[in-house]
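Summary of the model geometry
Letter by letter, the chains look like this.
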Amino acid sequence: MRARPLEAVFFVMGLCGVACADPSLPAGGGGAGGAAAGGAGGVAPTTGGGPSEGGGGAGGSGWEWNLPKGFPVPKVPDDNPMSQPKVELGRRLFYDTRLSGNETQSCASCHDQALAFTDGRAQALGSTGELHPRSAMSIANVAYSTALTWANPVLLHLESQAAVPIFGTMPVELGMSGMEDELTARLAADPDYVERFQAAFPDDADPISVGNAVKAIACFERTVISGSSPYDRYAYGGDESALSEAAKRGLALFNSERMECFHCHQGFNFQDSVTFEGQAFPSIEFHNTGLYNIGGTGAYPPGGEGLYAMTGKPEDMGKFRVPTLRNIALTAPYMHDGSAATLDDVLDHYAAAGRTIEDGPYAGVGADNPYKSGLIAGFELDDGERADMHAFFESLTDEAFTHDPSFADPFARSP
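Quick notes on the rules
Residues numbered from 1 in each chain as written. Predicted model: local features only at pLDDT ≥ 70, side-chain atom pairs only at ≥ 80, totals over all residues. Heavy atoms only, no water. Helix = DSSP H or I, 4+ residues; strand = E, 2+ residues; numbered from the N terminus. Buried < 20%, exposed > 50% of the residue type's maximum accessible area, 1.4 Å probe, protein only. Contact = heavy atoms within 4.5 Å. Areas by Shrake-Rupley, 256 points an atom, 1.4 Å probe, with all protein chains shown as cover. Salt bridge = Lys/Arg side-chain N within 4 Å of Asp/Glu carboxyl O. Phe/Tyr/Trp six-rings, centres within 6.5 Å; stacked < 30°, edge-to-face > 60°. Lys NZ or Arg CZ within 6 Å of the ring centre and 35° of its normal. 1 Å grid on protein atoms, 1.4 Å probe; cavity = no way out; pocket = protein on both sides within 12 Å on 5 of 7 lines; lining within 4 Å. Points joined across faces, edges and corners; volume = space filled by probe spheres on them. Core = buried A, V, L, I, M, F, W, Y, C linked by side-chain atoms within 4.5 Å. pLDDT = per-residue confidence, 0-100. Arc of directions from axis to C-beta. Polar contact = N/O pair within 3.5 Å; in protein donor to acceptor, adjacent residues only side chain to side chain. Disulfide = S-S within 2.5 Å.

1. Some thoughts on the overall build of the protein chain
- Helix and strand content of the protein chain: 12 helices and 4 strands.
- With 415 residues in all, the protein chain has 57% of them scored as buried.
- If you take every contact in the protein chain between residues at least 6 apart in sequence, the share linking residues at least 24 apart comes to 70%.
- When the accessible surface of the protein chain is totalled, it reaches about 16,000 Å², and 53% of it is carbon and sulfur.

2. Focus on the pattern of salt bridges
- Considering all chains together, one arrives at 16 salt bridges under this definition.
- Linking Glu88 and Arg91 is a salt bridge whose minimum nitrogen-to-oxygen distance equals 2.6 Å. With Glu88 and Arg91 both in helix 2 (residues 84–95) and 3 residues apart, the pair spans about one turn of that helix.
- For Glu88, a relative accessible area of 18% gives the class buried.
- On the basis of relative accessible area, Arg91 is assigned to the buried category, the value being 11%.

3. Comments concerning unusual backbone geometry
- Cis peptide bonds are those with omega within 30 degrees of zero, and the linkage from Met170 to Pro171 qualifies with 0°.
- In this structure, Ala116 takes a positive phi of about 55° despite not being glycine.
- Within the secondary structure layout, Ala116 lies in the loop between helix 2 and helix 3 (158–167).
- Taking the relative accessible area as the measure of exposure, Ala116 reaches 0% and is therefore buried.

4. Comments concerning the packing of aromatic side chains
- Inspection of the entire model under this criterion finds 22 aromatic pairs.
- Ring centres 6.4 Å apart and planes at 35° place the aromatic pair Tyr300 and Phe320 in the tilted group. You can see Tyr300 sitting in the loop between strand 1 (286–287) and helix 9 (308–311) and its partner Phe320 sitting in strand 2 (residues 320–321), a full 20 residues away along the chain.
- With relative accessibility at 4%, the residue Tyr300 sits in the buried group.
- For Phe320, a relative accessible area of 4% puts it in the buried group.
- These aromatic residues form a ring-pair network of at least three members: Phe94, Tyr95, Phe117, Phe220, Phe401 and Phe407.
- Above the plane of the ring of Tyr292 lies Arg355, whose end atom (NZ or CZ) is 4.7 Å from the centre.

5. A short note on the layout of surface pockets
- Of the pockets and cavities examined, the largest pocket occupies roughly 370 Å³.
- Along its surface, the largest pocket is lined by 21 residues, and Asn66, Thr223, Asp404, Ser406 and Phe407 are the ones closest to its centre.
- Only helix 2 and helix 12 (399–402) provide two or more residues apiece to the lining of the largest pocket.
- The element that contributes the greatest number of residues to the lining of the largest pocket is helix 2, accounting for 3 residues.

6. With respect to the nonpolar core
- Counting residues in hydrophobic clusters, the biggest one holds 90 residues, and the most contacted among them are Leu93, Ile166 and Phe197.
- Broken down by element, this core gets its largest block of residues, 8 residues, from helix 6 (residues 210–222).
- With residues up to four places along the chain from it excluded, the contact list for Leu93 reads Leu99, Leu187, Tyr193, Phe197, Ala213, Ala216 and Ile217.

7. Topic: the environment of Pro165
- Secondary-structure assignment places Pro165 in helix 3.
- For the pair Pro165 and Ser106, spaced 59 residues apart in sequence, the C-alpha to C-alpha distance is 9.5 Å.

8. Brief notes about the side chain of Asn141
- Residue placement: Asn141 occurs in the loop between helix 2 and helix 3.
- Taking relative accessible area as the criterion, Asn141 reaches 0% and is therefore assigned buried.
- Aside from chain neighbours lying at most four places away, what touches Asn141 is Phe71, Val224, Ile225, Ser226, Asn269 and Arg326.

9. Looking at the confidence of the model for the protein chain
- Averaged over all residues, the pLDDT of the protein chain equals 86, while 85% of them reach at least 70.
- In the predicted structure, residues 1–41 sits below a pLDDT of 50 and forms 164 contacts with residues beyond four places in sequence or in another chain.
- Low confidence marks residues 45–53, where pLDDT is under 50. Its contacts with residues over four positions away, or in another chain, come to 25 contacts.

10. A word on helix 5 (residues 191–200)
- When we look at burial in helix 5, the residues that qualify are Tyr193, Phe197 and Ala200. For helix 5, the angular spread of buried residues about the axis comes to 65°, placing them on one side. In helix 5, the exposed residues that point more than 90 degrees away from the buried face are Pro191 and Glu195.
- Where helix 5 is buried, its residues contact helix 2, helix 4 (180–188) and helix 6.
- Capping of helix 5 at its N-terminal end is provided by Asp190; its side-chain oxygen lies 2.8 Å from the backbone amide nitrogen of Asp192.

11. Remarks on the environment of Tyr193
- Of note, Tyr193 is situated in helix 5.
- A residue is classified by how much of its surface remains accessible, and Tyr193, at 1% relative accessible area, is buried.
- Tyr193 sits 100 residues away from Leu93 along the chain, and the two C-alpha atoms are 9.4 Å apart.
- If we ignore the near neighbours within four places in the chain, the residues touching Tyr193 are Leu89, Arg92, Leu93, Asp96, Arg98, Leu187 and Phe411.

12. Details of helix 10 (residues 343–351)
- If you check which residues of helix 10 are buried, you get Leu343, Val346, Leu347, His349 and Tyr350. In an axial view of helix 10, the angular spread of the buried residues amounts to 160°, which keeps them on one side of the axis.
- Residues of helix 10 that are buried sit in contact with helix 11 (383–394).
- Ala353 sits one or two positions beyond helix 10 and adopts a positive phi of about 65°.

13. Examining the state of the cysteines
- On inspection of all chains with the given rule, the structure shows 0 disulfides.
- The structure places no disulfide on Cys107, whose sulfur is separated from the nearest cysteine sulfur, that of Cys110, by 9.0 Å.
- Cys107 sits in the buried class, given a relative accessible area of 11%.

Okay, structure coming up:
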């Protein structure tokens, strides 16, 4: 049984390099990294709607989304409609170590449900022991992301992205490059997979293929939706008691022009690059937040230039994608290179309008970076306001999401 070619996927892999990273870029972290570049609206301060009222919407093959209130229907490609057999197959593949060359890691090795599908590392570690140039980004609500890495504007579809950690070589993640036939043979040798592939792809004469495997993983990932945090119960569910008074004050600060957070961490997903059904113009934004300014030239560390590495345009130096803030208290370290260990470090960075590095090879005043977003202007927070911001961040933690059995390891043994 031969694997089907995925020329388009591997072309994108050559551009991207790693599943949750970009080629030749320094270590990353999951969480608050983007800010400021236009757009308004903020996030819901009180109860009410959103892009939709949530709960419904077909995704193909009779699929019905069970969406949180206020969430729009995710886009689904015509050639990969949603179905329960496909989603359940994708969940098993996501957690199966047979998808790595040496059978030691799975997708879940870098995307731990308990950590909102991150891994807690500044740099992920591949199945062969190779240290990755970035950390694994959270896949929470990835169905709504227009761009799927820190700074690659061309990797836009989960079906393409799902193949990258399996077969990519820069760096090696799951290490299956050149082993496509071995992968399909492993899956075909398991009677359970034979049955599940047939159920998920009933119209295919030869359903066990690399292409169908990544389609199933993509379908599962589209269901990994977080929207049941205390903030959601307050903002969309009408429960005034869901947020503490401190969290409500933090939300007001977050939505203030003084702090400017909402300009980029906006809307139902606290993110400015989102896509969904019915959206007129999907947005893809990347921002420079003044994290570096080497020698006062605007430069970022070699190999960590962000969007510039893809476009070669000076104005793209240091631009990275804005991650969602959902479950932000679980996804440290922060910023694209993991250089902010705590949420206090994040607040300090934005309060100073950019980071100052006093000495060493990366010395410079980030606040003076000529390519920095104009909305990174700095602000002051007293101790009480800082505590309020922490309370708000904590209110974005969705414990139902991190314990949802439909996202959990299907191979795990019950205690």
